[in-house]
Amino acid sequence: DVKVTQSSRYLVKRTGEKVFLECVQDMDHENMFWYRQDPGLGLRLIYFSYDVKMKEKGDIPEGYSVSREKKERFSLILESASTNQTSMYLCASSLYRGGQPQHFGDGTRLSIL
Amino acid sequence: AQSVTQLDSHVSVSEGTPVLLRCNYSSSYSPSLFWYVQHPNKGLQLLLKYTSAATLVKGINGFEAEFKKSETSFHLTKPSAHMSDAAEYFCVVSDPPAAGNKLTFGGGTRVLVKP
């Protein structure tokens, strides 16, 4: 079974802090994705990557950056956390081939105070 | 452009009765379609996928979905609901690799199972 592991289930940070969310997958997937999920807004794509050191902006990249130095690890960075970034963050991975599902981690519930 | 519409935001069923979750899609490509389930404070778990093979797709936990191209629908069913089926369900369409394998999500259907 594919396993996508997010480093923290719950995280509390302060406004202005630099925040790192880590995601690791164990199935040698090329693609990795970061989403945030908010009530009434559904899942929104922040960034994705289809190869090491490659990154593409999703629908809501402002205030975020990403890093993919190794194939199995994809980090989401909040450069200067703000209260409107309080959310559930979900990481996913998939094979590059067509028709492949994304496999999700359990999520990190981030609160910015 | 792709889009997914889940026709019911909430569905309430009694334990042991059938479940029907409705989904319509619009896609510029030959679609890859998925159903995911999300239990409270958890990530999304894949229930089943359609990728242009058989139109009736069987998934985990007794769920199945039927792809109907003429109706652009991909409805999810289960013959007999269990209390553990209470969760939120997402119908999803996938871009092909050349477009980044990105997913387009429906708005979700929250299922309540009454004893």
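Just above, that's the structure.
Residues numbered from 1 in each chain as written. Chains lettered and ligands numbered in written order. Predicted model: local features only at pLDDT ≥ 70, side-chain atom pairs only at ≥ 80, totals over all residues. Heavy atoms only, no water.

### A word on the packing of aromatic side chains
- Summed over the entire model, instances satisfying the criterion amount to 13 aromatic pairs over all chains.
- With centroids separated by 6.0 Å and ring planes inclined at 20°, the aromatic side chains of A:Phe33 and A:Phe48 adopt a geometry described as stacked. Note that A:Phe33 is positioned in strand S4 (residues 31-38) and A:Phe48 in strand S5 (residues 42-49), a separation of 15 residues in sequence. Across this residue pair, the class does not change: A:Phe33 and A:Phe48 are buried.
- Among the aromatic residues, those joined into a ring-pair cluster are A:Phe33, A:Tyr35, A:Phe48, A:Phe104, B:Phe34, B:Tyr36, B:Phe90 and B:Phe105. (Phe/Tyr/Trp six-rings, centres within 6.5 Å; stacked < 30°, edge-to-face > 60°. Helix = DSSP H or I, 4+ residues; strand = E, 2+ residues; numbered from the N terminus. Buried < 20%, exposed > 50% of the residue type's maximum accessible area, 1.4 Å probe, protein only.)

### Concerning the pattern of salt bridges
Residue and element names in this part refer to chain B.
- According to the stated counting rule, one finds 10 salt bridges over all chains in the structure shown.
- Across the pair Arg 22 and Asp 8 runs a salt bridge whose closest N-O atoms are separated by 3.0 Å. With a gap of 14 residues between them, Arg 22 in the loop between strand S3 (19-21) and strand S4 (23-26) and Asp 8 in the loop between strand S1 (3-6) and strand S2 (10-14) connect regions that are remote in the sequence.
- The shortest N-O distance in the salt bridge between Asp 85 and Lys 78 comes to 2.8 Å.
- Residue class for Asp 85 comes out buried when judged on its relative accessible area of 5%. (Salt bridge = Lys/Arg side-chain N within 4 Å of Asp/Glu carboxyl O.)

Geometric values such as these leave the question of function open.
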